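The residues making up each chain are set out below.
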Amino acid sequence: QVQLVESGGGLVQAGDSLRLSCAASGRSFSGYAMAWFRQAPGKEREFVVGISWSTDRTYYADSVKGRSTISRDNAKNTVYLQLNSLKPEDTAVYYCAAAYSGHPYSIPRVESAYDYWGQGTQVTVSS
């Protein structure tokens with residue numbers, strides 16, 4: 001079983017940047033698509049960005065497209081989310097998730113596809 005721990009969240013001002021990290025233990029990232037979801041108070045959890053087992057494929061939600069970057073270092077069992085030009089509407093708890101498919105280019109975009117979740121890290125953006 002994969003265990004995921006997020007870090008890197010914090011309180012920042014609009015326009016600032018953050019890099020979130022997700023460290024995995026229990027097994028390697030091999031065969032897993034990784035994704036970041038977020039959930040704002042009173043709202044449903046939403047997909048932010050995902051990366052396939054093969055780093056040739058990524059998918060970004062429109063809300064963060066052009067100002068965020070997901071990357072993974074399989075040797076370190078770590079996935080990162082670089083968030084730039086942060087906006088107050090980015091305020092949420094950010095969750096790392098892992099989905100095993102065995103397909104090198106698979107990027108699930110629904111919660112039900114993900115088997116493992118981290119505890120979340122809070123990102124708060126003030127205006």
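Residues numbered from 1 in each chain as written. Predicted model: local features only at pLDDT ≥ 70, side-chain atom pairs only at ≥ 80, totals over all residues. Heavy atoms only, no water.

Student: Explain the nonpolar core to me, please; I cannot follow it from the model alone.
Tutor: One recurring pattern in soluble globular proteins is that nonpolar side chains are buried together. Counting 29 residues, the largest nonpolar core has Leu4, Met34, Trp36, Val79 and Tyr94 as the members making the most contacts within it. For this core, the secondary-structure elements that each account for two or more residues are strand S3 (18-25), strand S4 (32-39), strand S5 (46-51), strand S8 (78-83), strand S9 (92-100) and strand S11 (121-126). Apart from the residues within four sequence positions on either side, Val79 is in contact with Leu20, Ser21, Cys22, Phe29, Met34, Trp36, Ile51, Ile70, Ser71, Arg72 and Cys96. One finds Ala35, Phe37, Phe47 and Ala99 within the second-largest nonpolar core, a separate group that totals six residues. (Core = buried A, V, L, I, M, F, W, Y, C linked by side-chain atoms within 4.5 Å. Buried < 20%, exposed > 50% of the residue type's maximum accessible area, 1.4 Å probe, protein only. Helix = DSSP H or I, 4+ residues; strand = E, 2+ residues; numbered from the N terminus. Contact = heavy atoms within 4.5 Å.)

Student: What am I meant to see in the state of the cysteines here?
Tutor: Covalent bonding between the sulfur atoms of two cysteines defines a disulfide. In total, this model carries one disulfide according to the counting rule given. With a sulfur-sulfur separation of 2.1 Å, Cys22 is cross-linked through a disulfide to Cys96. Residues Cys22 and Cys96 share a disulfide whose torsion about the S-S bond is about -80°; that sign makes it left-handed. Taken together, the residues Cys22 in strand S3 and Cys96 in strand S9 connect sequence positions 74 residues apart. We classify Cys22 as buried; its relative accessible area is 0%. (Disulfide = S-S within 2.5 Å.)

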